[in-house]
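Descriptive analysis of the structure
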Amino acid sequence: AQKVTQAQTEISVVEKEDVTLDCVYETRDTTYYLFWYKQPPSGELVFLIRRNSFDEQNEISGRYSWNFQKSTSSFNFTITASQVVDSAVYFCALGYTNAGKSTFGDGTTLTVKP
Amino acid sequence: DTAVSQTPKYLVTQMGNDKSIKCEQNLGHDTMYWYKQDSKKFLKIMFSYNNKELIINETVPNRFSPKSPDKAHLNLHINSLELGDSAVYFCASSLLGGGGYTFGSGTRLTVV
């Protein structure tokens with residue numbers, strides 16, 4: 001069975017703090033994909049990143065970074081020097097080649113206060 | 001040009017009515033999806049189509065009927081609407097081989 005757990009339901013930080021959003025997944029497959037999506041208060045869902053199961057390199061994009069560790073089945077997302085505009089619900093998701101769907105975690109609501 | 005366009009954005013209707021939501025993508029993706037987001041923000045797959053063929057049909061009441069006339073379009077028709085159908089419905093598209101989703105802007109359905 002495939003499952004994605006985002007244990008942090010809500011996180012609140014003050015602007016400029018660093019924050020890490022946790023994602024733990026369960027799968028029996030060796031080939032899979034992991035994703036992060038952002039849903040700001042306006043409601044749209046925005047794709048942030050995709051990693052495949054064979055690529056454990058960390059990725060950095062501006063203030064965003066992702067740490068993929070197969071040993072702990074985790075794909076964590078860190079925002080450095082958070083800004084108010086980072087306030088959103090963030091979803092981690094697990095997908096497979098030819099599976100026809102991704103399984104989403106329940107989301108983490110991040111609030112960044114000025 | 002909007003990549004995944006979904007209409008209408010808002011839909012308020014009475015119980016028992018039938019309604020449709022339309023979705024179109026111009027990204028050349030081969031797979032399209034309907035997801036339901038409930039009031040707690042949980043996202044659940046309803047259907048997915050690959051090149052017009054249904055590949056995923058989760059446990060969804062058969063009052064919900066998707067239709068894909070071609071690989072760029074995926075519509076959702078809902079019969080006999082119930083209060084519990086109130087939610088935000090998102091259309092999305094991707095390439096089947098593990099591609100990230102591009103979502104439409106969502107349709108907020110309110111059944112009164």
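We now turn to the structure provided with this report. (Residues numbered from 1 in each chain as written. Chains lettered and ligands numbered in written order. Predicted model: local features only at pLDDT ≥ 70, side-chain atom pairs only at ≥ 80, totals over all residues. Heavy atoms only, no water.)

1. Overview of the pairing of strand β10 (residues 88–95) of chain A
All names here are of chain A.
- Within β10, 8 of the 8 residues are buried, which leaves it mostly tucked inside the rest of the structure.
- Side chains of β10 alternate between two faces, with A88, Y90, C92 and L94 and V89, F91, A93 and G95 buried alike.
- Of the strand pairs in this sheet, strand β5 (residues 33–39) and β10 are connected by 7 bridges, and their pairing is antiparallel. By the bridge assignment for β10, Y33 is matched with G95.
- Relative to strand β12 (residues 108–113), β10 is paired through 3 bridges, and the arrangement is antiparallel. Across the sheet, the residue bridging to V89 is T109, located in β12.
- Pairing between β10 and strand β11 (residues 102–104): 3 bridges, direction antiparallel. In the sheet register, A93 faces β11, and the bridge partner there is F104. (Buried < 20%, exposed > 50% of the residue type's maximum accessible area, 1.4 Å probe, protein only. Helix = DSSP H or I, 4+ residues; strand = E, 2+ residues; numbered from the N terminus. Pairing = 2+ DSSP bridges.)

2. Let's talk about the layout of surface pockets
All names here are of chain B.
- Here the largest pocket is characterised by a volume of approximately 320 Å³.
- Contributions of two or more residues to the lining of the largest pocket are made by β9 (87–94) and β11 (107–111).
- Sort the elements by how many residues they give to the lining of the largest pocket and β11 lands first, with 4 residues.
- Its volume calculated, the second largest pocket comes out at about 240 Å³.
- In terms of lining, the second largest pocket is formed by K36, D38, F42, K44, I45, M46, E58, T59, V60, P61, F64 and Y89.
- When residues of the lining of the second largest pocket are assigned to their parent elements, the largest contribution, 3 residues, is made by strand β5 (residues 43–50). (1 Å grid on protein atoms, 1.4 Å probe; cavity = no way out; pocket = protein on both sides within 12 Å on 5 of 7 lines; lining within 4 Å. Points joined across faces, edges and corners; volume = space filled by probe spheres on them.)

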